[in-house]
Amino acid sequence: KSSKREWKPLEDHSCTDVPWLLLFILFCIGMGFICGFSIATGAAARLLSGYDSYGNICGQKNVKVEGIVNSGLDLTQKKYVFFLDPCNIDLVHQRIKSIALCVSACPRKELKTLADIQNFAETDESNLCSYELQPSEYTTDPRAAKLCPKYPVPESAPIPFFHRCAPVNISCYAKFAEALITFVSDSSVLHRLISGVMTSKEIIMGLCLLSLVLSMILMVIIRYISRVLVWILTILVILGSLGGTGVLWWLYAKQRISASAVETQIAKDNLQALLIYAISATVFTVILFLIMLIMRKRVALTIALFHVAGKVFIHLPLLVFQPFWTFFVLIVFWTYWIIVLLFLGTTGSPVPNEEGFVEFRMVGPLKYMWWYHVVGLIWISEFILACQQMTVAGAVVTYYFTREKRNLPFTPILASVNRLVCYHLGTVAKGSFIITLVKIPRMILMYIHTQLKGKENACARCMLKACICCLWCLEKCLTYLNQNAYTATAINSTNFCTSAKDAFIILVENALRVAVINTVGDFMLFLGKVLIVCSTGLAGIMLLNYQRDYTIWVLPLIIVCLFAFLVAHCFLSIYEMVVDVLFLCFAIDTKYNDGSPGREFYMDKVLMEFVENSRKSMKEAGRGGGAEGRELKPM
């Protein structure tokens with residue numbers, strides 16, 4: 001019934017998947033409750049103002065913690081957290097393994113002896129030793145070796161907004177840096193790399209801007225070079241397959257001549273292996289040629305779709321800026337999520353640990369708020385990305401199914417956003433939840449695999465990797481189906497399941513076309529990414545070459561190339577999305593319309609030419625049986 005139902009593009013709009021929208025709103029209210037709970041329990045004050053090892057919040061009066069000697073102090077004048085051994089970092093538990101105190105001021109110069117620490121306490125009125133020691137006892141009390149900071153005390157400065165004294169010299173964290181960057185074994189290397197980045201920061205910013213401009217230009221001109229890219233792909237495949245096969249047969253012939261003179265078992269085994277490789281390569285080449293012969297007409301459809309996609313960006317220029325809005329919203333949400341995560345790390349009730357200090361832990365059901373917060377990160381992030389997909393789909397659908405392009409809305413993007421907010425947020429919530437259901441088990445398996453690294457046997461490791469790979473493939477398939485379901489929803493305003501089923505039927509009916517578009521099209525976009533990265537990297541080499549005498553420019557160049565690839569991927573993924581939406585619209589258009597009066601096509605004249613050429617080739621194939629009659633005409 002669904003496959004025979006008439007598609008009525010943009011004729012009516014209705015709310016879809018309302019229960020899922022209500023469920024998503026309830027989930028977001030739960031996320032807000034976690035934030036409010038962490039703030040209400042004092043986590044925000046502990047995070048921003050900092051607290052010492054005895055549970056006292058710096059800069060305010062505190063309540064006594066039962067069983068802890070130095071708790072409940074009035075630390076109104078002591079606003080900064082100071083660690084007795086700030087360089088002692090516990091990489092396993094990701095924290096500084098040191099006693100923390102609240103002090104009046106951070107040491108702005110290096111203190112090499114206890115006498116220097118005592119002099120600092122007397123002149124700056126900032127006691128760096130534990131609360132039970134007076135400054136006059138620093139050099140006489142035997143407990144000072146344990147209750148005073150490890151010296152030399154490095155020069156420190158307060159971290160803005162977070163009131164923690166942090167060492168100014170980055171070499172203090174050499175161990176931590178070496179754990180993160182395995183190729184750095186000498187802190188001087190790290191210093192030179194960072195100084196290279198700081199020296200070249202203007203060039204790095206300029207090159208990042210260049211990659212942004214190149215990506216925007218490529219999105220406009222790619223429709224003119226799509227045919228050239230397809231020819232490059234075809235030539236590379238033909239030369240690669242023929243060259244590989246020819247080399248294998250040449251090696252076999254050469255080995256056979258030499259083996260006749262020296263008859264050893266190793267030579268016979270090598271000769272037989274080369275024969276198998278050469279035959280396999282020949283079969284592969286023949287099959288590849290047959291596939292290219294069958295799909296050459298569908299490659300023309302890919303070129304036509306890329307050409308029309310370029311026109312879409314000319315008529316809908318705001319599409320180019322879609323990655324900016326999505327990235328901005330994601331950054332805002334991720335910042336909020338990290339802040340709440342930090343709140344959760346300091347929330348809970350004060351509990352004495354085995355060392356006699358205070359830790360804040362959540363007990364009972366509240367300790368599972370971490371999991372809720374992590375699920376929220378995945379679901380809401382996928383929801384934001386799905387909103388982008390629905391917005392792009394709605395704008396492209398409006399463009400495709402508007403016969404007179406002069407009658408397009410003033411801003412189709414804003415009109416699509418309006419339809420999304422008014423009608424289809426429930427569909428987006430449902431689609432993003434399905435992706436979340438697949439992503440969470442995969443992340444759990446990846447975490448288990450990381451934790452058991454080096455402990456599990458080979459069979460368990462193989463099974464874990466196989467499960468992770470299968471879930472990854474399932475996630476990619478569902479993401480592609482979701483995107484087409486959003487397009488069907490934008491066309492017919494149907495709920496998610498109906499749209500997914502309708503889109504799936506259309507995709508199955510055009511399976512070969514889908515395969516060609518997703519292979520040839522992806523390769524073309526990959527070449528575009530390579531072009532942008534190579535152009536930006538070349539410009540970086542030429543500019544950074546002038547600083548080679550006093551700057552290590554390897555790290556700046558890596559940063560620039562990574563940023564260029566990220567920018568190119570963000571922009572060209574929008575282009576890929578537009579091509580996929582156009583293809584589904586084209587498939588629906590050709591299925592339910594034939595160009596007759598009352599059933600006119602909606603498609604662009606470039607796609608119309610493709611349809612006319614296909615019809616002519618089919619008629620010629622039906623009239624004559626000769627080779628020329630079966631030949632498909634080019635566009």
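Counting restarts for each chain: residues are numbered from 1 in the order of the written sequence. Only residues with pLDDT of at least 70 get local features here, since the model is predicted, and only at 80 or more are side-chain atom pairs given and counted; chain-wide, interface and lining totals rely on the full set of residues. No hydrogens and no water enter the side-chain calculation; it runs on all heavy atoms of the structure.

Visitor: Explanation requested: the overall build of the protein in the structure shown.
Guide: Each helix is a run of H or I in the DSSP string that is no shorter than four residues. Each strand is a run of E no shorter than two, and both are numbered from the N terminus. Across its full length, the protein carries 18 helices and 8 strands. Within the protein, buried positions represent 43% of all 635 residues. Think of it in three bands: with a 1.4 Å probe and only protein chains considered, a residue is buried below 20% of the maximum accessible area for its type, exposed above 50%, and partly exposed in between.

Visitor: Sorry, what's going on with unusual backbone geometry here?
Guide: The bulk of non-glycine residues show a negative phi, and the bulk of peptide bonds are trans. One non-glycine residue with positive phi stands out, namely Asp17, at about 50°. Relative to the elements of secondary structure, Asp17 occurs in the segment before helix 1 (18-40). What makes Asp17 buried here is its relative accessible area of 11%. The backbone phi angle of Glu125 is positive, close to 55°, even though this residue is not glycine.

Visitor: I tried to follow the confidence of the model for the protein on my own but got confused; where do I start?
Guide: Segments scoring low in pLDDT should not have their predicted coordinates read at a detailed level. Chain-level statistics for the protein give a pLDDT mean of 79 and a share of 83% at 70 or above. Every residue carries a pLDDT, the predictor's confidence in it, which falls somewhere between 0 and 100. Every residue pair with non-hydrogen atoms within 4.5 Å of one another is taken to be in contact. When the criterion is pLDDT under 50, residues 175-190 qualifies, and its contacts beyond four places in sequence or with other chains add up to 14 contacts.

Visitor: What is the right way to read the state of the cysteines from this model?
Guide: Disulfides are covalent bonds that connect the sulfur atoms of two cysteines. The criterion for a disulfide is a pair of cysteine sulfur atoms lying within 2.5 Å. What the rule picks out here adds up to 3 disulfides. Between the sulfur atoms of Cys106 and its disulfide mate Cys165 the distance is 1.9 Å. The chirality of the disulfide connecting Cys106 with Cys165 is left-handed, given an S-S dihedral of about -80°. Taken together, the residues Cys106 in the loop between strand 4 (100-103) and helix 3 (114-124) and Cys165 in strand 6 (residues 165-167) connect sequence positions 59 residues apart. Accessibility classification places Cys106 together with Cys165 in one group, the buried group. With no disulfide of its own, Cys469 lies closest to Cys473 among cysteine sulfurs, the gap being 4.3 Å. Not engaged in a disulfide, the cysteine Cys477 finds its nearest cysteine sulfur in Cys473; these two sulfurs lie 6.7 Å apart. The class for Cys477 is exposed, based on a relative accessible area of 53%.

Visitor: Can you walk me through the nonpolar core in this structure?
Guide: Side chains of a nonpolar character, in soluble globular proteins, are inclined to be buried together. Only buried Ala, Val, Leu, Ile, Met, Phe, Trp, Tyr and Cys residues count toward a nonpolar core, and they belong to the same one when joined by side-chain atoms within 4.5 Å. If you look at the biggest cluster of nonpolar residues, it comprises 65 residues, and the most contacted ones within it are Leu319, Tyr400, Tyr575, Val578, Leu582 and Leu607. Of all the elements in the fold, those that place two or more residues in this core are helix 7 (201-261), helix 9 (296-315), helix 11 (369-400), helix 13 (458-492), helix 14 (496-509), helix 15 (511-544), helix 16 (554-592) and helix 17 (605-623). Cys102, Tyr131, Tyr138 and Cys148 belong to the second largest nonpolar core, which has 33 residues in total.

Visitor: Looking at this structure, I do not really get the environment of Leu47. What am I missing?
Guide: Within the secondary structure, Leu47 is located in helix 2 (residues 43-49). Between the alpha carbons of Leu47 and Phe162 there is a distance of 7.1 Å; along the sequence they are 115 residues apart. Non-local contacts of Leu47, meaning those with residues more than four positions away in its chain, are made with Phe162, Arg164, Ile339, Leu342, Phe343 and Thr346.

Visitor: Whenever I open this one, the pairing of strand 8 (residues 358-361) confuses me. Can you help?
Guide: Each regular strand shows side chains that alternate between the opposite faces of the sheet. With burial as the criterion, only one face of strand 8 is covered, namely that bearing Val358 and Phe360; the residues Glu359 and Arg361 on the opposite face remain uncovered. Pairing between strands is defined by DSSP: at least two bridges between the two strands are required. A loop of 5 residues connects strand 7 (residues 349-352) with strand 8, the two strands running antiparallel in sequence, and Gly356 in this loop sits at a positive phi of about 90°.

Visitor: Please clarify how the packing of aromatic side chains should be interpreted in this entry.
Guide: Each pair of aromatic rings is reported with the distance of its centres and the angle of its planes. Geometry of aromatic contacts follows a simple scheme: Phe, Tyr and Trp rings, the Trp one being its six-membered ring, pair when their centres are within 6.5 Å, and the pair is stacked under 30 degrees between planes, edge-to-face over 60, tilted otherwise. A complete count under the given rule lists 17 aromatic pairs for this structure. Summarising the aromatic geometry, the rings of Phe24 and Trp379 are spaced 5.2 Å apart at their centres and angled 75° between planes, so their arrangement reads as edge-to-face. With Phe24 in helix 1 and Trp379 in helix 11, this pair connects stretches of sequence that are 355 residues apart. Accessibility classification places Phe24 together with Trp379 in one group, the buried group. Between Phe324 and Phe571, the aromatic rings sit 5.7 Å apart at their centres with planes inclined by 75°, giving edge-to-face as the arrangement. One end of the pair, Phe324, is in helix 10 (residues 322-346); the other, Phe571, is in helix 16, and 247 residues separate them in sequence. Residue classification places Phe324 among the partly exposed positions, given a relative accessible area of 32%. Pairwise contacts between aromatic rings join Trp20, Phe24, Phe27, Tyr372, Trp379, Phe383 and Phe433 into one cluster.

Visitor: Explain helix 14 to me, please; I cannot follow it from the model alone.
Guide: Under the convention used throughout, the expected extent of a helix is 1.5 Å for every residue step, that is, one less than its residue count. Compared with the 20 Å implied by 1.5 Å per residue over 14 residues, the 20 Å span of helix 14 between its first and last C-alpha is a close match. Residues Phe496, Ser499, Ala500, Asp502, Ala503, Ile506 and Leu507 constitute the buried set of helix 14. Angular distribution of buried residues about the axis of helix 14 spans 165°; they occupy a single face of the element. By definition, the arc is the one covered by directions from the helix axis to the C-beta atoms.

Visitor: Got a minute to help me understand the pairing of strand 7 in this structure?
Guide: Inspection of the sheet shows strand 7 paired to strand 8 by 4 bridges, in the antiparallel sense. Across the sheet, the residue bridging to Ser349 is Arg361, located in strand 8.

Visitor: How should I be thinking about the pattern of salt bridges in this particular structure?
Guide: Note that side chains of opposite charge can pair when their charged atoms are close. Salt bridge criterion: a side-chain nitrogen from Lys or Arg within 4 Å of a carboxyl oxygen from Asp or Glu. Tallied over the entire structure, the rule returns 5 salt bridges. As a salt-bridge pair, Arg442 and Glu475 come within 3.0 Å of each other at their nearest N and O atoms. Placement of the pair is Arg442 in helix 12 (residues 412-451) and Glu475 in helix 13, with a sequence separation of 33 residues. With respect to burial, Arg442 and Glu475 carry one shared label: buried. One network of salt bridges, with partners in common, ties together Glu382, Lys439, Arg442 and Glu475.

Visitor: Mind showing me how you'd approach helix 3 here?
Guide: An α-helical turn contains 3.6 residues, so any two residues separated by three or four positions project in the same direction. All buried positions along helix 3 are accounted for by Leu114, Ile117, Gln118, Phe120 and Ala121. Down the axis of helix 3, the buried set is contained in an arc of 160°. They therefore lie on one face. In this fold, the buried residues of helix 3 make contact with helix 4 (144-147). Trailing helix 3 by a residue or two, Glu125 shows a phi angle of about 55°, which is positive.

Visitor: Would you take a moment to explain a nonpolar patch on the surface for this structure?
Guide: The patches reported here contain residues having more than 30% relative accessible area and no salt bridge. Joining distances are 9 Å for like charges and 5 Å for nonpolar side chains (Val, Leu, Ile, Met, Phe, Trp, Tyr). Residue exposure ignores everything except the shown protein chains as possible cover, and the areas themselves are Shrake-Rupley values with a 1.4 Å probe. Taken together, the side chains of Leu209, Val213, Ile217, Val220, Ile221, Tyr224 and Ile314 present a nonpolar region at the surface, about 610 Å² in accessible area. Broken down by element, the residue count for the nonpolar patch peaks at 6 residues, all from helix 7. Here Leu209 shows up in helix 7. Leu209 sits in the exposed class, given a relative accessible area of 52%.

Visitor: What is the right way to read the side chain of Asn70 from this model?
Guide: Structurally, the position occupied by Asn70 is in the loop between helix 2 and strand 1 (80-83). Looking at Asn70, the relative accessible area reads 11%, which means it is buried. Engagement of the side chain of Asn70 in a polar contact is seen with the side chain of Glu132, the distance being 3.0 Å. Not counting residues within four places of it along the chain, the set of residues in contact with Asn70 comprises Tyr54, Asn56, Ser130, Tyr131 and Glu132. In protein, a polar contact requires one atom able to donate a hydrogen and another able to accept it; more generally it is a pair of N or O atoms within 3.5 Å, and residues adjacent in sequence count only if both atoms are side-chain atoms.

Visitor: Help me out: how do you make sense of the packing of helix 13 against helix 14 in this one?
Guide: Each pair of packed helices can be summarised by the angle the axes make with each other and by the distance between the axes. Every axis in this analysis is a line fitted to C-alpha atoms, fitted for helices over the stretch in contact. Angles between the N-to-C directions lie between 0 and 180 degrees. One can describe the packing of helix 13 onto helix 14 by two numbers: an axis separation of 8 Å at closest approach and a directional angle of 110°. As the angle between them shows, helix 13 and helix 14 are arranged roughly perpendicular. Of the residues in helix 14, those in contact with Tyr480, Leu481, Asn482, Asn484, Ala485, Tyr486, Ala488 and Thr489 of helix 13 are Phe496, Ser499, Ala500, Ala503, Phe504 and Leu507. We call Asp, Glu, Lys and Arg charged. Ala, Val, Leu, Ile, Met, Phe, Trp, Tyr, Cys and Pro are nonpolar, and the rest, Gly among them, are polar. The class makeup of the residues in the contact of helix 13 with helix 14 is 10 nonpolar, 4 polar and no charged. Any angle that is under 35 degrees is reported as roughly parallel, and any over 145 degrees as roughly antiparallel; angles of 65 to 115 degrees are reported as roughly perpendicular and all others as oblique.

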